[in-house]
Amino acid sequence: RQVFFPNRNCPLDQPLGPVLTVSVLPDATFILSGGADDANGTSGSAYIWDWRTGFQKQTITCEGGSILSSAPLIPWRQAVVGCATGYSTIWDWDNGQTVDLPLCAKSAEDIQKAIGDRLVIYRNFHIPGMQRLALEKAMVSEKAFMEMVEQADPQ
């Protein structure tokens, strides 16, 4: 269970997930705890606690899995939390702003779009006109090509 009960409805018959990380923040007034929201670890949360009063100050959630790690940053009221999705988040918990790392990380859809865009650029700027016309008549569209790639290797 989290160090203190989170500021949400916590029925006692539904167990909370485990705490997986705890960090004392540089001001020595606040504690950051993080873990799973449920026993399955399908989502996670991190909480900032005022250790003197036991009150929760801020919350951040990870929809794709548990919060696995945390580290305080020297700048005032910032911390990094690591989610089971593979992303770390720089969290300015004073104002709620976040930055997901790795910055500019690509999802499968982003990579697929980038490959399709590169194919279009190559076709339009590197293949001479008559050859491009013959290629367009003989080849399938970029979308059909990407579908064939997905069918051949869905991973």
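The preceding data block contains the structure.
Nothing here was measured: the structure is a model prediction, and the numbers come from that model. (Residues numbered from 1 in each chain as written. Predicted model: local features only at pLDDT ≥ 70, side-chain atom pairs only at ≥ 80, totals over all residues. Heavy atoms only, no water.)

What follows is about the nonpolar core. Membership of the largest hydrophobic core comes to 13 residues, with the highest contact counts inside it found for L25, L32, A46, I48, V81, W91 and W93. For this core, the leading source of residues is strand β6 (residues 78-83), giving 3 residues. Other than its neighbours up to four places away in sequence, I48 contacts L25, F30, I31, L32, F55, Q56, K57, Q58, W91 and W93. (Core = buried A, V, L, I, M, F, W, Y, C linked by side-chain atoms within 4.5 Å. Buried < 20%, exposed > 50% of the residue type's maximum accessible area, 1.4 Å probe, protein only. Helix = DSSP H or I, 4+ residues; strand = E, 2+ residues; numbered from the N terminus. Contact = heavy atoms within 4.5 Å.)

What follows concerns the packing of aromatic side chains. Throughout the structure, instances matching the rule amount to 2 aromatic pairs. Here the aromatic rings of Y47 and W49 are separated by 5.6 Å at their centres, their planes lie at 40°, and the arrangement is tilted. Using a relative accessible area of 3% as the deciding quantity, one classes Y47 as buried. (Phe/Tyr/Trp six-rings, centres within 6.5 Å; stacked < 30°, edge-to-face > 60°.)

Turning our eyes to something else, we now look at the pattern of salt bridges. Counted by the stated rule, this structure contains 2 salt bridges. Between R52 and D50 there is a salt bridge, with its nearest N and O atoms 3.0 Å apart. A salt bridge links R77 to D94, with the shortest nitrogen-to-oxygen separation between them at 3.3 Å. Here R77 is found in the loop between β5 (67-72) and β6, whereas its partner D94 is found in the loop between β7 (88-92) and β8 (97-101), with 17 residues between them in sequence. R77 gets classed as buried once you look at its relative accessible area, which sits at 17%. (Salt bridge = Lys/Arg side-chain N within 4 Å of Asp/Glu carboxyl O.)

It is worth spelling out the state of the cysteines at this point. With the rule as written, the count across this model stands at 1 disulfide. Here C62 engages in a disulfide with C83; their sulfurs sit 1.4 Å apart. With a gap of 21 residues between them, C62 in strand β4 (residues 55-62) and C83 in strand β6 connect regions that are remote in the sequence. (Disulfide = S-S within 2.5 Å.)

Read from one edge to the other, the open sheet built from 4 strands follows the order β1-β2-β3-β4, with strand pairing classed as antiparallel. Edge positions in the open sheet fall to β1 (19-24) and β4, since each of these has one partner strand only. Between one strand axis and the next, the sheet turns through 15° on average, direction left out of account. As judged from the 7 bridges shared by strand β3 (residues 44-50) and β4, these two strands associate in the antiparallel manner. Considered in β4, the bridge of W49 is made with Q56. (Pairing = 2+ DSSP bridges. Axes fitted to C-alpha atoms, helices over the stretch in contact; angles between N-to-C directions.)

So, to be careful, I would describe these as geometric facts and stop short of saying anything about function.
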